[in-house]
Each structure stands twice: as structure tokens, then as C-alpha cells.
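A structural walkthrough
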Amino acid sequence: MRKVVIHRPGGYDRLCIEEHPDLSPGPGEVLVEVEAVGINYADCVTRMGLYASAKHYVGFPITPGFEVAGRVAAAGQGVTDLQPGTEVMALTRFNGYATQVVVKREQVFVKPAGLSVPQAAGFAAVFLTAWFGLFELAHPRAGDRLLVHSAAGGVGGALVQLGRIAGCKVVGVVGASHKVDAVRQMGAEAVIDKASEDLWTAAERVSPEGYDVILDANGVATLKQSYRHLAPVGKLVVYGFHSMLPRQGGRPNRLRLLWDYYRTPRFNPFSLTTRNRSVLGFNLSFLFDRSELLREAMDQLLRWVEDGSIQPLAVHTYPFEQVAQAHRDLESGQTVGKLVLIP
Ligand SMILES: NC(=O)c1ccc[n+]([C@@H]2O[C@H](COP(=O)([O-])OP(=O)(O)OC[C@H]3O[C@@H](n4cnc5c(N)ncnc54)[C@H](OP(=O)(O)O)[C@@H]3O)[C@@H](O)[C@H]2O)c1
């Protein structure tokens, strides 16, 4: 099998493609022959050596990758409901950038006909993240006003669609004009293009009463204002900090990281209480053991794919050998939808 191995944290040159012995599944596990790999921003953060769950579960060397699609190659002892050859998608806590993965049965889902293999590879991590933030944490009601930052990206596109399905009025925020149409097509009622207007002036114009839910993975760049723009009983869901990281070069600036860490707002419980606002946070990669939760969410998400409520995200594919270019492009902040590696 071939896989991408990162031996030490750093820039794009740390992504090495290596040959390793083939894998075999243990009891309760499934061996998947990988045909496509979803790329997530977290993979870039892992490469930089800054991803908490990568440090917690693996360390270095590490093979990044949270999601793949392909075919069942073999099922381990006790797995009787997946036959070799079945087209599947799987969640992987690391090790996804490979031609083979072994995962627990609970992390494998039969691929719906409505998704191509690359679309399936880029589905699970972003839609489960969006699901968790929206339905497990924020619990929006129909008619609620949602503000989704980075709305044209992987998680952002999933959030826009799930917000629309929940009957909310979704306002998407993007950092470049070429992303606006994609966000509208996914169901946003309004799109704020930060490149052509001031974000918060526009956010106030679109919803003068504030927002019931704001989903923010920017971190330091917007968190304070996101909190300020909550309506009473509003919820700020924090799930990433990408504005601390560089858009080019691939290596974080340690001084800037430290500065941004100290500048990141801390929320005061007295103020939360009197102002009726909540701040919620989560990281899905620490929740892979909650298999009942993942299964319930995936079952519903895949029903929405099948009945056409969810549109597959736009996918841009890269051959395995161009993994460095894929990371470079994702970090540039210019991409729309999902980037997918074809090994
Ligand atoms: N907590 C969790 O469980 C969880 C799970 C998955 C992902 N995440 C987080 O969700 C976010 C999105 O992940 P994704 O894989 O779907 O990526 P993505 O949204 O497809 O791409 C990242 C987007 O973030 C914005 N961005 C990138 N670098 C930036 C920078 N240095 N400063 C400001 N904005 C920047 C850009 O959009 P705009 O310029 O249009 O804003 C860019 O297109 C990431 O922060 C990721 O870590 C969290």
C-alpha cells in the first residue's frame, strides 16, 4: 500500500509518499481499498504540528486523513453485513491519505447512489461536523437567523445546507467574490462578501436584530464581533481557529500564533448570563468513539442525500502525487467546496 507520511511538522515538503506493507483487518474491523480521500483544513493543521487530537492520538510520524471512499476489500472477524466489493465511505481518525485503510465497522457507511466516489470521500467529516454544531449544540428553530462564516468551504457549505433544511434564514459569509454564487445555490438567503464590503456593517444591514446562531471557525479575526452580533438567546458555535494560520507558505509564524492566542476573546459567565448568550465549542475528532451519535447523524444525512435535500458539495480532485498542491490550495482560502485526493 502507499500512503502519505509526515515525519516532522512543517511545510508542504513534509508530505512524503511511501510504500508500506499491506494491511489486514482485525476483529470488528473493515479493510477498505481507497479510491478517493477527502482533504480537510485540519489535515493542514496536522501537518503544521498544531492539531490537538493528532498530538493526543498519534504524534509523529503521522498519516493525515479523516475520510475516504472506496470498496470493502475484506471484513474482519464478526463483521458479517459488509461484503467485499461493496462501495463504502469511511471516517478515519488519521491514516486516510492512503490506498488502504482499516477502520472499525461503526465508521463505515454504504455509499449512496446519489454520490460519486469523490463526492462520497468528501462528505462525512464536513457534514458530521456541521450536523454536530447545528443539531447537537445550537438546536436552531425554523425561522432562526443563522450566520455562517467561510460559507463556501467544506464545513461552511454543509452548514448552509443543513440550516436551509432546518428552515432557518441562512446568511453566508465569504472572503472572495467568486464564492458568492455557490453559497446562494446551496440555499443562503444572503451572502456577505468580505472582499467587497465590511462584514459587520453588512451583517447588521441584513439582520438588524442580530443572529440566533453564528457558526465561527475563523477564531480571533471574528469571534468578538460574532459574539456581539448575537440576538438575545443567541448561540455562538466555535469550531476552528483558521485565522491564526498563514494563507501561504505552509508554516505558522510562532510569534503571531502566540499573539493571536492571547488576543482570542475569553467569555465572561456573568455577561453570558445577563445577556442571554451562549458560547459552545466542539471538536469532532475527539468524538469518534460516540458511534451511536455518528450512526444516527449519518443515517439522517444520507436520507437527505437520497431524497435530494442535500446537494453534494463541489469537488476538485488531485492525483495523490499532488497532495502538496492540494494543501497549498486549501490554505490559500480561495477554494470552493471540497478538495479530494485520488490515490
Ligand atoms: N471542530 C471540528 O470538529 C471541526 C471539524 C472540521 C473542520 N473544522 C474547522 O472548520 C474550518 C473549515 O474546515 P474545512 O476543512 O471545511 O475548510 P474550508 O472551509 O474548505 O477552507 C477553509 C476556509 O477558511 C477560510 N480561511 C482559510 N484560511 C484562513 C485564514 N488563514 N484566515 C482566515 N480565513 C481562512 C477561507 O474561507 P473564507 O475566506 O471564505 O472565509 C477558506 O476557504 C477549519 O477551521 C477547520 O479546522 C472543525
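Here is a short report on the structure shown in this document. (Residues numbered from 1 in each chain as written. Predicted model: local features only at pLDDT ≥ 70, side-chain atom pairs only at ≥ 80, totals over all residues. Heavy atoms only, no water.)

**Remarks on the overall build of the chain**
For clarity, the cut-off: Here a helix means four or more residues in a row that DSSP labels H or I, a strand means two or more in a row labelled E, and each is numbered from the N terminus. The quantity called the radius of gyration is restricted to C-alpha atoms. Its globule counterpart is 2.2 Å times the number of residues to the power 0.38. Relative accessible area decides the class of each residue, using a 1.4 Å probe on protein chains only: under 20% of the type maximum gives buried, over 50% gives exposed, and in between gives partly exposed. Contacts are residue-level and defined by heavy atoms, with any inter-residue pair within 4.5 Å sufficient. Throughout, the Shrake-Rupley method with a 1.4 Å probe supplies accessible areas, and for residues the shown protein chains are the sole cover considered. Neither His nor the chain termini are counted; the positive set is Lys and Arg, and the negative set is Asp and Glu. Charged side chains are reduced to one point each, which is NZ for Lys, CZ for Arg, CG for Asp and CD for Glu.
A tally of regular secondary structure across the chain gives twelve helices and 15 strands. By the compact-globule yardstick of 20 Å for 343 residues, the chain fits well, its C-alpha radius of gyration being 20 Å. Within the span of the chain, comprising 343 residues, buried residues form 56% of the whole. Contacts in the chain between residues far apart in sequence, at least 24 positions, make up 69% of those at least 6 positions apart. Accessible surface for the chain amounts to roughly 14700 Å². Of this, 51% is attributable to carbon and sulfur atoms. Taking the average location of the 35 positive side-chain charges in the chain and that of its 33 negative ones, the two points are 8 Å from each other.

**Re the layout of surface pockets**
Under the convention used in this document: Using a 1 Å grid laid over the protein atoms alone, points where a 1.4 Å probe fits but cannot get out form a cavity; open sets with protein on both sides within 12 Å along at least 5 of 7 lines form a pocket; any residue with an atom within 4 Å of a point counts as lining. Grid points are joined across faces, edges and corners, and a volume is the space filled by probe spheres set on the points. As a working rule, the residues Ala, Val, Leu, Ile, Met, Phe, Trp, Tyr, Cys and Pro are called nonpolar, Asp, Glu, Lys and Arg charged, and the rest polar, with Gly in that last group.
Roughly 330 Å³ of internal volume is contained in the second largest pocket. Around the second largest pocket, the lining comprises 20 residues; the ones closest to its centre are Arg 93, Phe 94, Asn 95, Val 102 and Val 103. In the lining of the second largest pocket, the residues fall into nine nonpolar, six polar and five charged.

**A word on helix 12 (residues 323-332)**
Put simply, the rule is: Picture the helix axis, draw a direction to every C-beta atom, and the arc is the one those directions span.
Buried residues of helix 12: Val 323, Ala 324, Ala 326, His 327, Leu 330 and Glu 331, and no others. One side of helix 12 carries all its buried residues, which in axial view fall inside an arc of 160°. If you follow the buried residues of helix 12, they end up packed against strand 1 (2-5), strand 3 (29-39), helix 1 (41-47), strand 14 (315-319) and strand 15 (338-342).

**Focus on the site of the ligand**
As a reminder of what qualifies: Think of it this way: one heavy atom of a residue within 4 Å of a molecule or strand is enough to make that residue near it. Polar contact is the term for a pair of N or O atoms within 3.5 Å; when the atoms are in protein, one must be able to donate a hydrogen and the other to accept it, and sequence-neighboring residues count only if both atoms are side-chain atoms.
Lining the immediate surroundings of the ligand are 25 residues, of which Tyr 41, Ser 150, His 242, Leu 245 and Leu 284 lie closest. One of the backbone N or O atoms of Val 155 is found 2.9 Å from an oxygen atom in the ligand. Leu 284 is positioned with one of its backbone polar atoms (N or O) 2.6 Å from an oxygen atom of the ligand. Residues of the shell around the ligand, tallied by class, amount to nine nonpolar, 14 polar and two charged.

**Details of the pattern of salt bridges**
Side-chain pairs of opposite charge can arise where the charged atoms are in close proximity. To keep it simple, the criterion reads: Note on definitions: salt bridges are taken to be side-chain nitrogens of Lys or Arg within 4 Å of carboxyl oxygens of Asp or Glu.
For the coordinates displayed, the defined rule picks out 16 salt bridges. The salt bridge partner of Glu 292 is Arg 290, with a shortest N-O separation of 3.2 Å. Shared partners join several salt bridges into a network, and the residues in it are Glu 35, Arg 71, Glu 87 and Lys 111.

**Here we look at the pairing of strand 10 (residues 190-193)**
As a reminder of what qualifies: Paired strands, as defined in this entry, are two strands with at least two bridges between them according to DSSP. With strands facing away from the observer, any crossover in which the path from the first strand over the helix to the second runs clockwise is taken as right-handed.
Here strand 10 shows no split at all, with Ala 190 and Ile 192 on one side and Val 191 and Asp 193 on the other all buried. In this structure, strand 9 (residues 169-174) lies alongside strand 10, joined through four bridges in parallel fashion. Paired with Val 173 across the bridge in strand 10 is Ile 192. Running through helix 6 (residues 180-185), the crossover from strand 9 to the neighbouring parallel element strand 10 is right-handed.

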